[in-house]
Amino acid sequence: YASLSQGNIEISSKGVIYSGKFVRYMLYGIFFMLLSYKFYIYMHKSTPKKHIELDELTLYFREIKTKVFALKDTGNMLVDSALGIPIILVSKDIADEIYDGADKNVEVFEICISTIGQEKSLKAIRLDRIEFKGKSGIYECVMGVLEEDMKSEYKCIFNPNHFI
C-alpha cells in the first residue's frame with residue numbers, strides 16, 4: 001500500500017517501508033544504468049574495428065622478389081578471363097618497385113574490373129608466382145595495379161579462397 005505522511009510517500013511491500021526519497025534514488029539509478037548501457041552500445045557499434053587479417057605474400061617477377069602485407073578480401077572475385085587465374089590487386093608503389101627492378105620489356109596488358117557502381121580498366125602483369133608465409137605451395141596469378149598508393153599497412157588485396 002502507499003500512504004502520504006508529511007509530504008513523503010511511503011511504499012510498503014510485505015512489511016518493508018520505502019520512503020519517496022529512496023524510491024526516487026532507485027529510479028535515478030535504474031535510469032543512469034539504462035543510459036550508460038545505451039551509450040556503451042552506441043560507442044561499440046560506431047567505432048571501427050581495428051582487427052584486420054593480413055598475410056605476408058612474396059611476389060616473384062623475373063629476378064625480382066618483393067614481400068608485401070596483403071589484406072584477405074573474400075569479396076574479391078577477380079579472375080583473368082583469358083588465363084583463368086586469380087587477380088591480386090597491388091598498390092601503385094609496389095608495382096613501380098617491380099617495374100623499376102625488371103628489364104624494360106615488361107608485358108603490360110589491361111584488365112577490366114567491375115566494382116560497385118563503376119567499371120574500369122587496370123594495368124596488369126602476369127607474375128611468375130606468389131608464395132604465402134607459413135604456407136607451402138606456389139601459386140600463379142595476375143597482378144592488377146591500382147591507380148593510387150594504398151595508405152595503409154597492407155599493399156595488396158587478395159581472395160584467400162583462390163589460393164587453397
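It should be emphasised that the depicted structure is a prediction, and the values quoted were computed from it without experimental measurement.

Visitor: Looking at this model, I keep getting lost on the packing of aromatic side chains. Mind explaining?
Guide: Pairs of aromatic rings are described using the distance from one ring centre to the other and the angle between the two planes. Summed over the entire model, instances satisfying the criterion amount to six aromatic pairs. By way of ring pairs, the aromatic residues Phe132, Tyr139, Phe158 and Phe163 are connected into one cluster.

Visitor: What exactly am I supposed to notice about the sheet that holds strand β11 (residues 156–158) here?
Guide: Strand pairing in a sheet relies on backbone hydrogen bonds, with the paired strands running either antiparallel or parallel. Read from one edge of the open sheet, eight strands run β7-β8-β10-β6-β11-β5-β4-β9, paired in mixed fashion. At either end of the open sheet lies a strand with only one pairing partner, and these are β7 (109–115) and β9 (129–132). Strand-to-strand twist of the sheet, defined as the mean angle between neighbouring strand axes without regard to direction, takes the value 40°. In the sheet, strand β8 (residues 118–126) pairs with strand β10 (residues 142–145) via four bridges, with the strands oriented antiparallel. Following the sheet pairing, Ala124 is matched in β10 by Gly144.

Visitor: Any chance you could explain the pattern of salt bridges here in plain terms?
Guide: Proximity of charged atoms lets side chains of opposite charge pair with each other. One pass over the structure, following the stated rule, counts seven salt bridges. For the salt bridge of Lys92 with Asp96, the shortest nitrogen-to-oxygen distance reads 3.2 Å. Of this pair, Lys92 and Asp96 both sit in helix α2 (residues 92–101), separated by four residues, roughly a single helical turn. Classification of Asp96 as partly exposed rests on a relative accessible area of 29%. Notably, a salt bridge pairs Arg126 with Glu140, separated by 2.2 Å at the nearest N-O pair. Of this pair, Arg126 sits in strand β8 while Glu140 sits in the loop between β9 and β10, and the two are 14 residues apart along the sequence. Members of the salt-bridge network, linked through shared partners, are Glu56, Lys67 and Lys133.

Visitor: Quick question: what am I supposed to make of the side chain of Ser91 here?
Guide: Note on placement: Ser91 falls in the loop between β6 (87–90) and α2. Separated by 2.5 Å, the side chains of Ser91 and Asp93 make a polar contact. Ser91 has contacts with Glu148, Asp149, Met150 and Lys155, leaving out every residue within four places of it along the chain.

Calculation criteria
- Residues numbered from 1 in each chain as written.
- Predicted model: local features only at pLDDT ≥ 70, side-chain atom pairs only at ≥ 80, totals over all residues.
- Heavy atoms only, no water.
- Phe/Tyr/Trp six-rings, centres within 6.5 Å; stacked < 30°, edge-to-face > 60°.
- Pairing = 2+ DSSP bridges.
- Helix = DSSP H or I, 4+ residues; strand = E, 2+ residues; numbered from the N terminus.
- Axes fitted to C-alpha atoms, helices over the stretch in contact; angles between N-to-C directions.
- Salt bridge = Lys/Arg side-chain N within 4 Å of Asp/Glu carboxyl O.
- Buried < 20%, exposed > 50% of the residue type's maximum accessible area, 1.4 Å probe, protein only.
- Polar contact = N/O pair within 3.5 Å; in protein donor to acceptor, adjacent residues only side chain to side chain.
- Contact = heavy atoms within 4.5 Å.

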